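One letter stands for each residue in the lines below.
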Amino acid sequence: MVMLDFAGTTIDDKTAVRDCLYEAAVEFGLETDPEEVLVSIGTNKIHLYQYLIARKEGRDLQIEDFERIKDPASYKEALKIFNRYTELMINYYRNDIQPMPGAEETFEWLHARGIKVAIDTGFHRDVTEAVIEGTGWLKSGLVDKVVTVEDAPGNRGRPAPFMLFHAMMALDIQSVHEVVKVGDTPADMLEGYNAGCIGIVGVMSGPLPIESYAGKRHTHLIPSVADLPALLERDFL
Amino acid sequence: MTKYKAVIFDLAGTLIDHGSCAPVSAFVDMFHAHDIKVDASLVRSYMGLGKREHLAALIRHPRVRSQIGEGHLKLDKPEMLDHLYASFLDFQVEAARDRCVLIEGVAKVIQQLQASGTKVGITTGYPIEVVDAIRPQLQRCGLPTDVIVTASDVAAGRPAPWMICRAAEALGVYPMHDVIVVDDTQAGVQAGMNAGCRTIGVSRTGNLLGLSEMELRCIVDRREAILAEARRQLKEAGADQVLESVADFNDVIEPAA
């Protein structure tokens, strides 16, 4: 099984996620900049807003802290901002979705070799559905399973490996040693590492620079999903 | 103590029920009630699977199949599994209650793990009905019962890793290589490997010897040989380490990756 990410890996949305996250934050009077918003990409976006809200109030919390604590104080407001971000995102995907060049060919290549194609995403179900409709990938069978944050217990997305296990269970892939994770953010790399995947492949087609992979265990870096077949052929098959 | 985040234990033969005898007697007695003879060693050869899958494997085996004749149970084949499994539940509950005895030394290990901040979860091939029936006993033994994943909770039992994944989710722990899986069967060891965990096989108290404490005490000559064979089988299944019993857990001295 190969588990891939959406934005920046199989979907070419340039900086749309970052821009929508930033725009929603600004609309609600939070102080941030597009670069800062990028740092949290791939993980829970509500946590990002909670972090910004807490910071505005002078509370000393890191974004990772929200993986562990609930913090109802910031959650309510963060949810409002997140819903606005979602509106912006859905609108973008409905109108402007572009598969990453080579993504669909790679899916076909994988299926031809009996390898299952799964996608997991930090998006919630509503945005994910917009993407799935826009691309038609589930309908056409190019993708076997899509997992969102809401499929994981307690909505624990990356870097927890639980979305990945969910896909494995759905597709009956019974060992992490048969799974390769592909993504464009440090959070993707951590997810693969936390699950124990045999391959953890970073792609350079996302919004983050190569330095962001430093310190996050991965097995390979490739320019984009189009280069995945050659890599798998060489090192995994 | 090592710096692991969580330890996920199997139940029968690992934490309770020295020799994993309850599942065996439940199967033997249930088949006997249907006039079918099944020997313990055949039952043990499939140990570790979810109990329904275990039953399915047994009725497919030639030695059992041959006893289920045309008019024997007066049932069409697809319904046979359902019928047998339904009657099997009572036998499981009775046997499990009878053998719900903590293996010597386990209580101390559990206490020490919890005291050191290591999370503890349990997986079992028993269905939820059996676990619910013995839950008060498990609690009285001092076992943590908040995270017990049963075969009923997942699509497939061992060697699929799903029960272990669920336990990790419930405990909120990762990465998987910081989780230790402890199990007395080859299927259980494989499940641990499939989940990306470090695995510890248990030889003396478990299914591979299949001996209660009393029976083990009576074996003098062959003891070393059968222990060595059990150890070899668990290693061959892929166990990182093999202990004779969970009581020896504090001997696990390798640091976390």
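Attention in this report is confined to the structure presented alongside it. Note that the structure is predicted; figures quoted are calculated from it, not measured.

## What to know about the sheet that holds strand β2 (residues 119–124) of chain B
All names here are of chain B.
Moving on, step 1. Strands sit in the order β3-β2-β1-β4-β5-β6 across an open sheet of 6 strands; the sheet is parallel. Strands with a single pairing partner mark the edges of an open sheet, and in this sheet they are β3 (148–150) and β6 (241–243). Averaged over neighbouring strand pairs, the angle between their axes works out to 25° when direction is ignored.

## As for the nonpolar core
Moving on, step 1. Counting 61 residues, the largest nonpolar core has A:Tyr49, A:Tyr85 and A:Tyr93 as its most contacted members.
Moving on, step 2. Top element by residues in this core is helix α4 (residues 72–96) of chain A. It accounts for 8 residues.
Moving on, step 3. Ignoring sequence-local partners within four residues, the contact set of A:Tyr85 consists of A:Val17, A:Cys20, A:Leu21, A:Ala24, A:Lys45, A:Tyr49 and A:Phe123.
Moving on, step 4. In terms of nonpolar packing, the next biggest core, distinct from the first, is built from 57 residues, B:Phe31, B:Leu58, B:Leu81 and B:Ile148 among them.

## Thoughts on the environment of A:Ala112
Moving on, step 1. For A:Ala112, the location among the structural elements is in helix α5 (residues 103–112).
Moving on, step 2. Accessibility expressed as a relative area gives 63% for A:Ala112, which makes it exposed.

## Some thoughts on a negative patch on the surface
All names here are of chain B.
Moving on, step 1. Taken together, the side chains of Asp29, Asp90, Glu94 and Asp98 define an acidic patch exposed on the protein surface.
Moving on, step 2. Broken down by element, the negative patch gets its largest block of residues, 3 residues, from helix α5 (residues 77–98).
Moving on, step 3. By the secondary structure assignment, Glu94 is in helix α5.
Moving on, step 4. Overall, Glu94 belongs to the exposed group, its relative accessible area being 60%.

## Topic: the layout of surface pockets
Residue and element names in this part refer to chain A.
Moving on, step 1. Considered as a void within the structure, the largest pocket measures approximately 730 Å³ in volume.
Moving on, step 2. Elements supplying a minimum of two residues to the lining of the largest pocket: α3 (45–56), α4 and α9 (186–195).
Moving on, step 3. Roughly 360 Å³ of internal volume is contained in the second largest pocket.
Moving on, step 4. The leading source of residues in the lining of the second largest pocket is α9, at 3 residues.
Moving on, step 5. Residue composition of the lining of the second largest pocket, grouped by class: 8 nonpolar, 5 polar and 3 charged.

## Description of empty space enclosed by the protein
Moving on, step 1. Taken as a whole and assessed by the stated rule, the structure comprises 2 cavities of 30 Å³ or more.
Moving on, step 2. The computed volume of the largest cavity comes to approximately 170 Å³.
Moving on, step 3. Ranked by residue count, the leading element in the lining of the largest cavity is helix α1 (residues 16–27) of chain A, at 3 residues.
Moving on, step 4. Class assignment for the residues of the lining of the largest cavity results in 6 nonpolar, 6 polar and 8 charged.
Moving on, step 5. Its volume calculated, the second largest cavity comes out at about 100 Å³.
Moving on, step 6. Every residue lining the second largest cavity is counted, 14 residues in all, and those nearest its centre are B:Asp10, B:Ala12, B:Met47, B:Lys51 and B:Arg158.
Moving on, step 7. Partitioning the lining of the second largest cavity into residue classes produces 4 nonpolar, 5 polar and 5 charged.

## A few points about the interface of chain A and chain B
Moving on, step 1. Contact residues are listed per partner, giving 19 residues for chain A and 18 residues for chain B.
Moving on, step 2. Of the roughly 1500 Å² buried where chain A meets chain B, counting both sides, 64% is carbon and sulfur surface.
Moving on, step 3. There are 0 salt bridges connecting chain A and chain B.
Moving on, step 4. For the pair chain A and chain B, the interface holds 6 residue pairs in polar contact (both at pLDDT 80 or more).
Moving on, step 5. Elements supplying a minimum of two residues to the side of chain A that touches chain B: α8 (162–171) and α9 of chain A.
Moving on, step 6. Take the side of chain A that touches chain B: its biggest share by element is 4 residues, from α8(A).
Moving on, step 7. Considering only residue class, the side of chain A that touches chain B consists of 12 nonpolar, 4 polar and 3 charged.

## Some words on the pairing of strand β4 (residues 180–183) of chain A
All names here are of chain A.
Moving on, step 1. Along β4, one buried face is formed by Val180 and Val182 and the opposite face, lined by Lys181 and Gly183, is buried too.
Moving on, step 2. Pairing geometry for strand β1 (residues 2–4) and β4, over 3 bridges, is parallel. Paired with Leu4 across the two strands is Val182, which belongs to β4.
Moving on, step 3. With 4 bridges connecting them, β4 and strand β5 (residues 199–203) associate as parallel partners. Residue pairing across strands places Lys181 opposite Ile200, the latter belonging to β5.
Moving on, step 4. In this fold, the crossover linking β4 to β5 by way of α9 has right-handed handedness.

What counts, and where the lines are drawn
- Residues numbered from 1 in each chain as written.
- Chains lettered and ligands numbered in written order.
- Predicted model: local features only at pLDDT ≥ 70, side-chain atom pairs only at ≥ 80, totals over all residues.
- Heavy atoms only, no water.
- Pairing = 2+ DSSP bridges.
- Helix = DSSP H or I, 4+ residues; strand = E, 2+ residues; numbered from the N terminus.
- Axes fitted to C-alpha atoms, helices over the stretch in contact; angles between N-to-C directions.
- Core = buried A, V, L, I, M, F, W, Y, C linked by side-chain atoms within 4.5 Å.
- Buried < 20%, exposed > 50% of the residue type's maximum accessible area, 1.4 Å probe, protein only.
- Contact = heavy atoms within 4.5 Å.
- Patch = residues over 30% accessible without salt bridge, like charges linked within 9 Å, V, L, I, M, F, W, Y side chains within 5 Å.
- Areas by Shrake-Rupley, 256 points an atom, 1.4 Å probe, with all protein chains shown as cover.
- Salt bridge = Lys/Arg side-chain N within 4 Å of Asp/Glu carboxyl O.
- Lys, Arg positive; Asp, Glu negative; His and termini not counted.
- Charge placed at Lys NZ, Arg CZ, Asp CG, Glu CD.
- 1 Å grid on protein atoms, 1.4 Å probe; cavity = no way out; pocket = protein on both sides within 12 Å on 5 of 7 lines; lining within 4 Å.
- Points joined across faces, edges and corners; volume = space filled by probe spheres on them.
- Nonpolar A, V, L, I, M, F, W, Y, C, P; charged D, E, K, R; others polar.
- Buried area = accessible area lost by both parts, 1.4 Å probe.
- Polar contact = N/O pair within 3.5 Å; in protein donor to acceptor, adjacent residues only side chain to side chain.
- Right-handed = clockwise from strand over helix to strand, strands pointing away.

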